[in-house]
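Tertiary structure, described
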Amino acid sequence: MAHVVLIGNLRQYTGDVTALDVDAASVRQLFRKLGEKFPELAPHLEEGLAVAIDGQIYQDALLEPIRPDSEVHILPQIAGG
Amino acid sequence: MQERVKKPQFDVVGTRPVRPDGVDKVTGRAKYGADLKMAGQLVGKVLRSPHPHARIKSIDVSKALALPGVKAVVTSKDFPEQPSEFIPAGEGVVNYRDMTNNVMAREKVLYEGHAVAAVAALNEKAALAALDAIKVEYEVLPHVIDEMEAIKPGAPILHEDMITTGVTPPPTKASNISKRVEFNLGDVDKGFAEADLIVEREFKTKAVHQGYIEPHACLASASEDGSAELWVTTQGHWVVRAYCAKLLDWDISKIRVTSSEIGGGFGGKTVVYLEPLALALSKKAQRPVKMVMSREEVFKASGPTSGGTVKVKIGVKKDGTITAGEAEITLQAGAFQGSPVQPACMCAFANYDLENVKVVGYDVVSNRPKVAAYRAPGGPISTYGVESLVDEIAEKLGMCPIELRLKNAAKEGTRAAYGPKFGPVGLIECLEAAKDSDHWKAPLGPNQGRGLAAGFWFNIGGETTVSLQLNEDGTLTLMAGTPDIGGLRASLCMMAAEELKVDVSKIRPIIADTSSLGYNFLTGGSRSTFSSGMATVDAARSIVKQACGRAAKLWDIPEEAVTFEDGMIRPAGENAGKHKPMSLSDIAKVAGKTGGAIVGYAAISAQGAAPSFGVHIADTEVDPGTGKVTVTRYTAIQDAGKAIHPSYVEGQYQGGAVQGIGWALNEEYIYGEDGKLQNAGFLDYRVPVASDLPMIDTIIVEVPNPRHPYGVRGIGETPIVPPMAAIGAAVRRASGVRFFELPMSPPKVLKAMKAAGKA
């Protein structure tokens, strides 16, 4: 299972859970499973979040694959100027 | 210029051809936002609030509409109310209620210059007369400008429904703090307990404007059938289309947006101000409407970046090992929520490989124009604090500032304080380049000092579409959708030329309009050369594949038996038969008879962006009689991944450094007690000009990004991150005084030097 770390303010929607293991093969599956486990988090998963899989940051990449041994961080989306 | 570039492996990439848009720009032929004209166009003007904070009791436009030559007036009633919800769009998430209320004030005006109404008239005189004839009745309210004043109990509240998020339990009363964010790594208490030296300081930065020379401008033409065209200076015309469609409740398909040439954006042209007003006026008047901001309007009503307060605490061992870093960052959002406090927090300690970090940030509204993105939004502010403190620690430990940074520098495998581990990054290479540079070793004169600082930016990819068509004569036309601000068209043509092995001058690029190409996210986040480059390479490879397919048909052999080498299409081997190699031009001539035009098209969501680190060295001379700081030598060193066109990479390094120098030494929004901006013009808001500056030297470091076909990293934002701390460190050594507030303008420097007995 992928090890998932929630960064920043997301803990307020998960009862202070900041890390957990999730069986998900893609970002879409990960979001769905996190949304099921933490219903308050679900709407925020669609709002400006990025996902770092093994260090590489992905944005708007629901279909990006996740390996079983991946380390996944969910963090604020990055923009720029 | 010094380059630390590997031996060129490419024919075109890494060379310096003349930019395809250069002649038009130096001859004045290039069309910027205000240059387009249409028959029958009207002049649009905006009535703006004279008050920093007031309730709008009534607006009477009847007298304005009755004036000769006045064709239309719009107020907030012409824009549908939007719910307060955060929706992914443009630069991350947006709140359309805030956006529409910023474009046109509804119940309250929240800053001096806030739009209240807009008019369209036959000429400027009539438009200005119409503005005078609009009667607005205000109930003036108390205002607050400074972010630290805005969070004090009893401060005037801007939004009665603003409840701070990120706080448990949620507050029950409204405040000016939109949100609190927190990032943690390890255990800072443990880290500080391990430290031999702990230093803690508070830093202040002022709001500064992006300072683009070209003001906001657009021309809108709405048709009776509900469709509309818009020509606009913008960093992202698909984003403009989406925002305008939402604010006006129009179909996206009915709005066609064309981006003009752009005279600077730096993040400030990623949002809308005039555009929805011009479209609404044009729809009402049934004539084209052109709107151009004055410089005063640009300063008062378009987004600067945040000023802020940054408290930093760093613990370090005697040998220079940093054991913990902690920061509290409070940023101005302007009148509506949404400062860059999150990236400011994430950037704060990104230069370092630390085990224990805690950063807390606050997003604070006050009666200022809503901030907009500005080059590495938030990063320069937090980095100024952290890098300044690292310099002070180096001084206290008696260590070389480069060696202290090398001891703690982020590298591949470092876990950033915001969570993920870095892939290959080039900070150590930049620090080594600084140490080896002539600049670092050069002697200094009297009253001179040298400083150094590092900086970081994430960089992004995103939605991108490119079309590349092989013309009948073998030349190519490239259509991209990310507005070209700093040499993009040249860089894209070079990557296409490298792939296709054609002369780069045979490829003519354009920036296509929103109805001619699939969706493109804006030019921002240092993404355009990375993302549009990736799409260009895909499109070029598609052309090669199609051309090989045509040759296979002509030769009656399988497509797999055809190869593309050295710019020629050839049989893959002797078994494929003896056929005369064909060039792309040969294929182009017969394209129409072998299946039709050959067009490479790539629509991607570019992933794999890689961060860029930089290190700047600044020499300053401080006049002890006046406090004036002169930058006498400056070197910007940065990892580009791969410099496609080194001149434009150098241009980005130089431009970012100069904007940072302005931020450090002169630029600031100055408000009076009345809450009004006192320096809304380039005479009083002092940006550095060429005569103020030395040549900005550059060193390009290249640690390739493995996720890009040519190793490209974004490079446009990092160069504005290190300058303020680098100059602060240089001023410290030149004057003997350490400063904790920007700008380090002559009166402040002189006062501090006198207080310290140095002047």
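Residues numbered from 1 in each chain as written. Chains lettered and ligands numbered in written order. Predicted model: local features only at pLDDT ≥ 70, side-chain atom pairs only at ≥ 80, totals over all residues.

We now examine the sheet that holds strand 4 (residues 56-59) of chain A. Residue and element names in this part refer to chain A. Ordered in space as 2-1-5-3-4, the five strands form an open sheet in which the pairing is mixed. Each edge of the sheet is formed by a strand with only one pairing partner; in this case those strands are strand 2 (19-22) and strand 4. For this sheet, the mean inter-axis angle between neighbouring strands, taken without regard to orientation, is 30°. Here strand 1 (residues 2-6) runs beside strand 2; their pairing, made up of four bridges, is antiparallel. Directly across from V4, in strand 2, lies its bridge partner L20. Sheet contacts for helix 1 (residues 27-37): strand 1, strand 2, strand 3 (49-53), strand 4 and strand 5 (71-76); angle to strand 2, the most-contacted strand, approximately 120°. (Pairing = 2+ DSSP bridges. Helix = DSSP H or I, 4+ residues; strand = E, 2+ residues; numbered from the N terminus. Axes fitted to C-alpha atoms, helices over the stretch in contact; angles between N-to-C directions. Contact = placed C-beta atoms within 7 Å.)

Considering the arrangement of structural elements, one finds I78(A) in the segment after strand 5. A C-alpha to C-alpha distance of 9.2 Å links I78(A) and I57(A), two positions 21 residues apart in sequence.

A few words now on the nonpolar core. One broad trend across soluble globular proteins is that nonpolar side chains are buried collectively. All names here are of chain B. In this structure, V119 and A496 are the most contacted members of the largest nonpolar core, which totals 268 residues. Tallying contributions element by element places helix 16 (residues 528-555) first for this core, with 10 residues. Those residues in contact with A496 that sit more than four places away from it in its chain are L468, L476, L478, I507, T536 and A540. (Core = buried A, V, L, I, M, F, W, Y, C linked by C-beta atoms within 7 Å. Buried ≥ 20, exposed ≤ 12 C-beta atoms within 10 Å, placed from the backbone.)

What follows covers the pairing of strand 3 of chain A. All names here are of chain A. Burial runs high along strand 3: five of the five residues are buried. Neither face of strand 3 is left uncovered, since the one carrying L49, V51 and I53 and the one carrying A50 and A52 both have all their residues buried. Bridge analysis of strand 3 against strand 5 gives five bridges, and the strand direction is antiparallel. Of the residues in strand 5, the one forming a bridge with V51 is I74. Pairing analysis gives four bridges linking strand 3 to strand 4, with the strands arranged antiparallel. Within strand 4, the residue paired with A52 across the bridge is I57. In this antiparallel pair of consecutive strands, strand 3 and strand 4, the connection spans two residues, and D54 shows a positive phi of 50°.

Moving on: the packing of helix 11 (residues 379-397) of chain B against helix 19 (residues 723-735) of chain B. All names here are of chain B. Two elements in contact, helix 11 and helix 19, have axes whose closest approach is 7 Å; the angle formed by their N-to-C orientations is 35°. Crossing geometry of helix 11 relative to helix 19 is assigned as right-handed. Where helix 11 abuts helix 19, its residues P380, T383, Y384, E387, S388 and D391 lie against M724, A725, G728 and A729. Split by residue class, the contact of helix 11 with helix 19 holds five nonpolar, three polar and two charged. (Left-handed = near helix turned anticlockwise from the far one by under 90°. Nonpolar A, V, L, I, M, F, W, Y, C, P; charged D, E, K, R; others polar.)

In this section: unusual backbone geometry. Omega for the bond connecting T168(B) with P169(B) falls within 30 degrees of zero, at -5°, which places this linkage in the cis form. Note that P169(B) resides in the loop between helix 5 (147-150) and strand 10 (177-185). Note that the residue after L742(B), namely P743(B), is joined by a cis bond; omega there is -5°. Within the secondary structure layout, P743(B) lies in the loop between helix 19 and helix 20 (746-755). Of note in the backbone geometry, D16(A) takes a positive phi value of approximately 75° without being a glycine. Structurally, D16(A) can be placed in the loop between strand 1 and strand 2. The backbone of D60(A) shows a phi angle near 50°, a positive value even though the residue is not glycine. Relative to the assigned elements, D60(A) resides in the loop between strand 4 and strand 5.

All names here are of chain B. Looking at the assigned domains, one finds that chain B contains domain 1 (1-30 + 611-759), domain 2 (142-419) and domain 3 (462-606). With centres defined by C-alpha atoms, the gap from domain 2 to domain 3 works out at 38 Å. Residue-level contacts link 16 residues of domain 2 with 13 residues of domain 3. Mapped by element, the contributors of at least two residues to the side of domain 2 that touches domain 3 are helix 7 (237-248) and strand 14 (255-259). (Domains from an automatic or database assignment.)

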